[in-house]
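Working through the structure, step by step
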Amino acid sequence: MTELLFRGATVFTPLGPTRADVRVTDGVVAHIGSVDPVKGATVVDVRGMYLLPGAIDVHVHSRDPGFPDKEDFGTLTAAAAAGGVTTVVDMPNTVPAVDSAGVLEAKAALARSKARVDFGLWGLVRASSTSDQLIGLAEAGAVGFKAYLGYAYSLRRKQVLYSAETGDLDLEAPPDYGTLARLAPVMAELGLPLAIHAEDPAVLNTFRRPYETYPDVLAGQPPEAEAVAISAAAAAVRQSGAHLHVAHVSSALGLAAAEDAIAAGSSMSLETCPQFLWRSDADFPRLGTWMKMNPPVKTLRDQAALRDGLVRGVISVVASDHAPHTDAEKARDLEHAPPGSPGVQTLLLSSLELAHRLGDVWMAPKWVSEAPAALAGLGESKGRISPGFDADLVVVAPDRMTTFTPGSMRSRQKHGALNGMTVGFAIEAVYLRGVPIFDHGRLARKATGRMVRPGPARP
Ligand SMILES: [Zn+2]
């Protein structure tokens, strides 16, 4: 039996912050309160520090297997560990795409050999997906299903494509609202959420143009694309009772469409990302393609609406959409640089900073730990500091600054949308099930991450 005692931190508990000791037995939180050390316990002095639940990033792209020059599970989870993210949930657009149980199991085995934090896996919805494939994915441990509206699928390369040349016979059409309506009853039955990439392909086609300037991007991917996709997906799924999770909400109009759908009875959770909460079109001259992504970063008005949505609790989840490419790819011009940037390492600290500036630093663990745990079906074991929960813990210095510099990033892509930002918090140490995986700038030798599977409790 291993005993660990955290002494004197301000602990974020489900009831709010409290000055307390936390006793951990065999990797599980045993007691919160005033604790006398038992013989042989390791005592960690964390007076003056915050003790937070590890963050759960429900939206990362490990690129593994598929694109090891962009990232792999080792570099992804090194960045996660250094950023206080103790569980990542990986998107299914790796290669081969995770559209069936066999692919998911192979990916899990690969990830297990390299993961420094715990991980879950999303399954992919294709236009041709069958009920049996979804059931197989669920049995193999998928936390839910992701549909990329408007993204075609290459049968030969077994790959989801950002953009497709028309007339290519190798392509399977993207999943559409009909696909969602057809498969939603199976998802409802399985009790697993459907996550969508919400940009309506018809709206995008109408407004498509070459990208020479950032205003071209704003005009080419207008907020109407997001709003239409959210409304239509909600309508397609509502009657089934399946839970719809909208990934990376980026606009005021998209948020309004989601609120309308919720008012009409949709079971829906909303996610936004630090890049939409901290950046706007005004940052493009400074950041260039480091902030090119799908959906695009929009205006200050959108940023204000998303911040307001978080404070009101309508948006419950903040996730990174960590999507690295090589620095060489991102150095291409605006038209040709691929969309996506890294972000897993900066998720927790940027969220603490935002919550602090919005008036209550203790909102952050709800956005990055509690709500994501519920979404991924981990609400009984992770996302809280509470007796019986995994001791995934982050020690944060509340009075030490951190600047997000390329040199400090563990991801293979060093430059991200939050490049250069300074926050008034720093990560001292990170524990995964009671074992230190990051300590004062140093990663643990061993990769000890495990696969997590959704439990019976659903949002
Ligand atoms: Zn993504």
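Anything mentioned here points back to the structure above.
Throughout what follows, the structure given in this document is the object of discussion. Note that this is a predicted model, so its numbers are computed, not measured.

A few points about the overall build of the chain
- The number of helices and strands found in the chain is 14 helices and 23 strands.
- Scaling as 2.2 N^0.38, a compact globule of 459 residues should have a C-alpha radius of gyration of about 23 Å, and the chain matches this with 21 Å.
- Referenced to the eigenvectors of the C-alpha coordinate spread, the extents of the chain come out at roughly 70 × 50 × 45 Å.
- Put simply, the chain has 459 residues, and 61% of those count as buried.

A short note on helix 8 (residues 252-263)
- Taking 1.5 Å of rise per residue, the 12 residues of helix 8 would be expected to cover 16 Å, and the 16 Å separating its terminal C-alpha atoms lies within 8% of that figure.
- Summarising the contacts, the buried residues of helix 8 are in contact with helix 7 (223-238), strand 16 (268-272) and helix 11 (300-312).
- Just downstream of helix 8 lies G265, where phi reads positive at about 110°.

Considerations on the sheet that holds strand 10 (residues 145-148)
- Taken in spatial order, the 6 strands make up an open sheet running 9-10-14-15-16-17, and their pairing is parallel. Looking at strand neighbours, the two that pair on one side only are strand 9 (123-125) and strand 17 (317-318), the edges of this open sheet.
- Here strand 16 runs beside strand 17; their pairing, made up of 2 bridges, is parallel. Across the sheet, residue T272 finds its bridge partner in strand 17, namely V318.

Overview of the side chain of E3
- On the secondary structure map, E3 appears in strand 1 (residues 3-13).
- Of the polar contacts made by the side chain of E3, one reaches the side chain of T25; its length is 3.0 Å.
- Among all residues touching E3, those that are not within four sequence positions of it are R23, V24, T25, V38, A41 and T42.

With respect to the side chain of D57
- One can find D57 in strand 6 (residues 55-60).
- No salt bridge is formed by the buried D57; the nearest opposite charge belongs to K146, separated by 11 Å.
- Discounting chain neighbours no more than four positions away, the residues touching D57 are V85, T87, V88, V89, A319, S320, V344 and L347.

Quick notes on the sheet that holds strand 7 (residues 85-90)
- Strand order in the open sheet made by the 3 strands is 6-7-8, with parallel pairing throughout. Since the sheet does not close on itself, it has two edges, and those belong to strand 6 and strand 8 (118-121), each with one partner. Averaged over all adjacent pairs, the angle separating strand axes in this sheet is 20°, with direction ignored.

Examining the coordination of the zinc ion
- Each protein donor to the zinc ion is listed here as H59 (NE2), H61 (NE2) and D321 (OD); together their distances run 2.0 to 2.2 Å.
- Read from N- to C-terminus, the donor residues coordinating the zinc ion fall into the pattern H-x1-H-x259-D. As far as burial versus exposure is concerned, H59 and H61 are alike and both buried.

Some thoughts on the pairing of strand 14 (residues 194-197)
- Along strand 14, one buried face is formed by L194 and I196 and the opposite face, lined by A195 and H197, is buried too.
- As defined by bridge partners, strand 10 adjoins strand 14 across 4 bridges and the pair is classed as parallel. Bridge assignment links A147 to a residue of strand 14, and that residue is I196.
- Pairing geometry for strand 14 and strand 15 (residues 244-246), over 3 bridges, is parallel. The residue of strand 15 that forms the bridge with I196 is V246.

A closer look at the packing of helix 7 against helix 8
- Running from N to C, helix 7 and helix 8 cross one another at 20°; their axes reach a closest spacing of 7 Å. Classed by the angle they form, the pair helix 7 and helix 8 counts as roughly parallel. The way helix 7 lies across helix 8 gives a crossing that is right-handed. Contact residues: helix 7 offers P223, E224, E226, A227, I230, S231, A234 and R238, while helix 8 offers L253, G254, A257, A258 and A261.
- Grouping the constituent residues of the contact of helix 7 with helix 8 by class yields 8 nonpolar, 2 polar and 3 charged.

So, the nonpolar core
- Core analysis: the largest hydrophobic core is formed by 100 residues, its most contacted members being L52, V88, F119, L194, I196, M268 and L352.
- Among the nonpolar cores identified, the runner-up in size contains 21 residues, and M91, L124, V317 and L378 belong to it.

Here's the deal with the environment of K39
- Mapped onto the fold, K39 is located in the loop between strand 3 (28-33) and strand 4 (42-45).
- Using a relative accessible area of 86% as the deciding quantity, one classes K39 as exposed.
- Counting along the chain gives 36 residues from K39 to E3, while the straight-line C-alpha distance between them is 8.8 Å.

Rules behind the numbers
- Residues numbered from 1 in each chain as written.
- Predicted model: local features only at pLDDT ≥ 70, side-chain atom pairs only at ≥ 80, totals over all residues.
- Heavy atoms only, no water.
- Helix = DSSP H or I, 4+ residues; strand = E, 2+ residues; numbered from the N terminus.
- Rg over C-alpha atoms; globule rule 2.2 N^0.38 Å.
- Buried < 20%, exposed > 50% of the residue type's maximum accessible area, 1.4 Å probe, protein only.
- Expected span 1.5 Å × (residues − 1).
- Contact = heavy atoms within 4.5 Å.
- Pairing = 2+ DSSP bridges.
- Polar contact = N/O pair within 3.5 Å; in protein donor to acceptor, adjacent residues only side chain to side chain.
- Lys, Arg positive; Asp, Glu negative; His and termini not counted.
- Salt bridge = Lys/Arg side-chain N within 4 Å of Asp/Glu carboxyl O.
- Axes fitted to C-alpha atoms, helices over the stretch in contact; angles between N-to-C directions.
- Donors = N, O, S within 2.8 Å, 3.2 Å for Na, K, Ca; no water.
- Parallel < 35°, antiparallel > 145°, perpendicular 65-115°, else oblique.
- Left-handed = near helix turned anticlockwise from the far one by under 90°.
- Nonpolar A, V, L, I, M, F, W, Y, C, P; charged D, E, K, R; others polar.
- Core = buried A, V, L, I, M, F, W, Y, C linked by side-chain atoms within 4.5 Å.

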